[in-house]
Amino acid sequence: MADNPKKKGRDRELLSEQEHEVAYLMKTAKVTRQKALKAIREAGPNREKVMEYLGKK
């Protein structure tokens, strides 16, 4: 649970290299684990930029 329940949304915009987030990206973008990790590293943690990098916008 968030420290401040009034703050919403920002965390959903970010991706990290945590296993569950990589798995979600693999499922939604239909890419391999290696491509998902490379996209996060190259495009940064912004979910929208990662999807653009993968060409899945």
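Note that this is a predicted model, so its numbers are computed, not measured.

K.L.:
Help me understand the overall build of the protein chain, please; the structure alone is not making it clear to me.
P.N.:
Broken down by element type, the protein chain carries three helices and zero strands. Along the protein chain, helices and strands appear, N-terminal first, in the series α-α-α. Out of the 57 residues in the protein chain, the part that is buried amounts to 25%. Carbon and sulfur atoms provide 50% of the accessible area of the protein chain, an area that totals close to 4800 Å².

K.L.:
Explanation requested: the nonpolar core in the structure shown.
P.N.:
Looking at soluble globular proteins, one finds that nonpolar side chains tend to be buried together. In this structure, Leu-15, Val-22, Leu-25, Ala-29, Val-31, Ala-36, Leu-37, Ala-39, Ile-40, Val-50, Met-51 and Leu-54 together form the largest nonpolar core, which totals 12 residues. For this core, the elements supplying multiple residues, two or more each, are helix 1 (19-29), helix 2 (33-43) and helix 3 (47-53). For this core, the element with the most residues is helix 2, which contributes four residues. Contacts of Ile-40, omitting those with residues within four sequence positions, involve Leu-15, Ser-16, Glu-17, Val-22, Leu-25, Pro-45 and Val-50.

K.L.:
Teacher, can you tell me more about helix 2 here?
P.N.:
Since there are 3.6 residues in each turn of an α-helix, residues three or four apart along the chain are aligned in direction. Buried within helix 2 we find Ala-36, Leu-37, Ala-39 and Ile-40. Buried residues in helix 2, looked at end-on, bunch into an arc of 160 degrees, giving them a common side. When the buried face of helix 2 is taken as reference, the exposed residues oriented beyond 90 degrees from it are Gln-34, Lys-35, Arg-41 and Glu-42. Following helix 2 by one or two positions, Gly-44 adopts a phi angle in the positive range, close to 95 degrees.

What counts and how
Residues numbered from 1 in each chain as written. Predicted model: local features only at pLDDT ≥ 70, side-chain atom pairs only at ≥ 80, totals over all residues. Heavy atoms only, no water. Helix = DSSP H or I, 4+ residues; strand = E, 2+ residues; numbered from the N terminus. Buried < 20%, exposed > 50% of the residue type's maximum accessible area, 1.4 Å probe, protein only. Areas by Shrake-Rupley, 256 points an atom, 1.4 Å probe, with all protein chains shown as cover. Core = buried A, V, L, I, M, F, W, Y, C linked by side-chain atoms within 4.5 Å. Contact = heavy atoms within 4.5 Å. Arc of directions from axis to C-beta.

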